[in-house]
Amino acid sequence: MINKKLLITYIVLIIIIKTFALQIEKVSNNTYATFGKTGLPSKENGGFISNTYGVLTNEGWVVIDSLSSPTLAKQFIKQLKSIKNVPVKYLIITHYHLDHSFGMSAYKGAKIIAHKNLKRDIQNSNIEIYKEMLNKTFDNLFKNVKFLNIDIPIDKKISIKVGNLTFEIFPLPNAHTHTDILIYIPQTKELFAGDIIFYNRIPFIGDNHSNSKNWLKILKQIEKMKISKIYNGHNKPLDKKAIKFTYEYIYFLRSEISRLKDEDLFYDEIKEKLSSTEWKKYPMFKEFHNKNIYKIFNDLDFEF
Ligand SMILES: [Zn+2]
C-alpha cells in the first residue's frame, strides 16, 4: 500500500525542484538559452532576473553571460552538460552588471572574455565596491560572489574560431555601460547584444557610465548588419524590430528632455511631464524610467 503522506511529500518536492531548476530551451541549431524572470533581484527570485546562453560547437560550449551568482551558473552548466557533456571553452561577458557577470566564478577552467574596462574594474576592486553596495541594497544576496581574472580583455574587434563556429566580438564605446561588447556568429547570423537591444521593455540608461548619444549611434550600425536572431539579457529571442523599439525610447527621452531643458525646466518638472507617456505600459518603466531621465538630464549639459 502506498503511504499517502510520503506520496504527497514526493509530489511537493518534485514541484519545488521543477520550479527552482533552471529550464533550458533550444533557440537555434546550436544555441540554448535560459530566460530569467522580470524584475529587480530579490530573495524570492534568488537573483534569477536575466538570460544566459550556451552555444554548442564541435569543440565544446561557449557561454554568453554568467547569471547573477555562482549557484545559478552551476545549475546552468549542469543543464548544458546534460545536453552534451563537453567542456565550456569560453565564457563571454557582455557587461559588468550583476545579472551578467556575478556567476563567473563557476566558470573556472574556461577562458573568460570581456571588455578591457571590466578587467580593469576587477583588478582595481571597483567591482568589489559595486558588489558591497548591492549586498547592502539586496540583503546580502550576493555574498557568495567572487570574481576571476579576465583572460582575454577586448579593446578592439576580435574573431575567435571555436570548432565550426566563429565568434566576432566587438567592444563598444560607453553606451549601456563602459563594459559593453557584442558577439556575432557570421555562420548563423546570430547576435548576442547584452542589454543594448530591448523589445517591449524599458532599457536601463541610468548607469554612471551610460552614454545615450553613443547608444543611438551603435543601434544605427547594428541596423545595417545581417541578423537572423538577436539574443539579449532579458527578452526571448528577438528580430530586428527590437532595434527600432530601443532606438525610439532613447530618442524620445533625449529629444523631450532636451526640449524641456530649453524651456528652463528642472529635473523634477521634467520627470513630472514625462511620467505618463505611452512608454508607461512596458515592464521596468517604474524601476528605470526616472533614473534614465536623471542621467540624460545631466549628460545633456556636457554634450556638444
Ligand atoms: Zn545591464
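See above for the structure.
Residues numbered from 1 in each chain as written. Predicted model: local features only at pLDDT ≥ 70, side-chain atom pairs only at ≥ 80, totals over all residues. Heavy atoms only, no water.

**Some thoughts on the sheet that holds strand β12 (residues 229-231)**
Here is step 1: Spatially, five strands are ordered β8-β9-β10-β11-β12 in an open sheet, and the strand pairing comes out mixed. Lying at the two open borders of the sheet, with one neighbouring strand each, are β8 (158-162) and β12. Along the sheet, successive strands turn relative to each other by an average axial angle of 20 degrees, direction set aside.
Here is step 2: One ladder, built from four bridges, connects strand β9 (residues 165-171) with strand β10 (residues 181-185); its direction is antiparallel. Looking across to β10, one finds that F170 is bridged to L182. (Pairing = 2+ DSSP bridges. Helix = DSSP H or I, 4+ residues; strand = E, 2+ residues; numbered from the N terminus. Axes fitted to C-alpha atoms, helices over the stretch in contact; angles between N-to-C directions.)

**Re the sheet that holds strand β5 (residues 88-92)**
Here is step 1: Reading across the sheet, the seven strands line up as β1-β2-β3-β4-β5-β6-β7 and stay open at both edges, with mixed pairing between neighbours. Of all strands in the sheet, those with a lone pairing partner are β1 (25-26) and β7 (152-154), marking the two edges.
Here is step 2: Note: strand β2 (residues 31-34) against strand β3 (residues 52-57), four bridges, orientation antiparallel. In the sheet register, Y32 faces β3, and the bridge partner there is G54.
Here is step 3: Strand contacts of helix α4 (residues 116-123): β6 (111-115) and β7, with the helix running at about 105 degrees to β6, the strand carrying the most contacts. (Contact = heavy atoms within 4.5 Å.)

**Overview of the environment of S66**
Here is step 1: You can see S66 is positioned in the loop between β4 (60-64) and α2 (70-83).
Here is step 2: On the accessibility criterion, S66 (1% relative accessible area) is buried.
Here is step 3: Expressed as a C-alpha distance, the spacing of S66 and K261, which sit 195 residues apart in the sequence, is 40 Å.
Here is step 4: S66 has contacts with A73, L91, H100, S101, F102, G103, M104 and Y107, leaving out every residue within four places of it along the chain. (Buried < 20%, exposed > 50% of the residue type's maximum accessible area, 1.4 Å probe, protein only.)

**Quick notes on the coordination of the zinc ion**
Here is step 1: Bound to the zinc ion on the protein side are H95 (NE2), H97 (ND1), H176 (NE2) and D195 (OD), at distances that span 2.2 to 2.3 Å.
Here is step 2: Every donor counted, the four donor atoms about the zinc ion form angles of 85 to 166 degrees at the centre, which fits irregular coordination.
Here is step 3: Mapped onto the sequence, the donors of the zinc ion take the spacing H-x1-H-x78-H-x18-D. Residue H95 is located in the loop between β5 and α3 (98-101), and its partner H176 is located in the loop between β9 and β10; the two are separated by 81 residues in the primary sequence. (Donors = N, O, S within 2.8 Å, 3.2 Å for Na, K, Ca; no water. Tetrahedral: all angles 85-135°; square planar, octahedral: opposite > 155°, others 65-115°.)

**Overview of unusual backbone geometry**
Here is step 1: Its identity is not glycine, yet K189 carries a phi of approximately 60 degrees, on the positive side.
Here is step 2: Within the secondary structure layout, K189 lies in the loop between β10 and β11 (190-192).
Here is step 3: Of note, the phi angle at N200 is positive, near 50 degrees, even though the residue is not glycine.
Here is step 4: Within the secondary structure, N200 is located in the loop between β11 and α6 (212-223).

**Brief notes about the packing of aromatic side chains**
Here is step 1: Applying the stated rule across the entire model yields 20 aromatic pairs.
Here is step 2: Consider the rings of Y247 and Y251, whose centres lie 6.0 Å apart with planes at 15 degrees: the pair is stacked. Taken together, the positions of Y247 and Y251, both in helix α7 (residues 241-262) and four residues apart, correspond to about one turn of that helix.
Here is step 3: Judged by relative accessible area, Y247 falls into the partly exposed class, the value being 22%.
Here is step 4: For Y251, a relative accessible area of 47% gives the class partly exposed.
Here is step 5: An aromatic cluster of three or more residues is present, and its members are Y96, F102, Y130, F138, F142 and F147.
Here is step 6: Its guanidinium or amino end placed over the ring of Y247, K220 lies 4.7 Å from that ring's centre, counting from NZ or CZ.
Here is step 7: It is K261 that lies over the ring of F297; its NZ or CZ is 3.7 Å from the centre. (Phe/Tyr/Trp six-rings, centres within 6.5 Å; stacked < 30°, edge-to-face > 60°. Lys NZ or Arg CZ within 6 Å of the ring centre and 35° of its normal.)

**A few points about α4**
Counting along an α-helix, one turn takes 3.6 residues, and residues three or four places apart therefore face a common direction.
Here is step 1: Buried within α4 are the following residues: N117, L118, K119, D121 and I122.
Here is step 2: Backbone geometry just after α4 places S125 at a positive phi near 65 degrees.

**Considerations on the pairing of β4**
Here is step 1: Among the five residues in β4, five count as buried, and that is most of the element.
Here is step 2: Here β3 hands over to β4 after two residues, the two strands then running antiparallel side by side.
Here is step 3: Here four bridges tie β4 to β5, and the two strands are oriented parallel to one another. Across the sheet, residue V63 finds its bridge partner in β5, namely L91.
Here is step 4: On the question of chirality, the crossover connecting β4 to the parallel β5 by way of α2 is right-handed. (Right-handed = clockwise from strand over helix to strand, strands pointing away.)

**Points about the packing of α6 against α7**
Here is step 1: Running from amino to carboxyl end, α6 crosses α7 at an angle of 155 degrees, the nearest separation of the two axes being 10 Å. Classified by the angle between their axes, α6 and α7 sit roughly antiparallel to one another. You can see that α6 and α7 cross each other, and the crossing is left-handed. Along its contact with α6, which presents S212, K213, W215, L216, L219, K220, I222 and E223, the element α7 presents I243, T246, Y247, I250, Y251 and R254.
Here is step 2: Taken together, the residues of the contact of α6 with α7 break down into eight nonpolar, two polar and four charged. (Parallel < 35°, antiparallel > 145°, perpendicular 65-115°, else oblique. Left-handed = near helix turned anticlockwise from the far one by under 90°. Nonpolar A, V, L, I, M, F, W, Y, C, P; charged D, E, K, R; others polar.)

So yeah, pure geometry; function would need other evidence.
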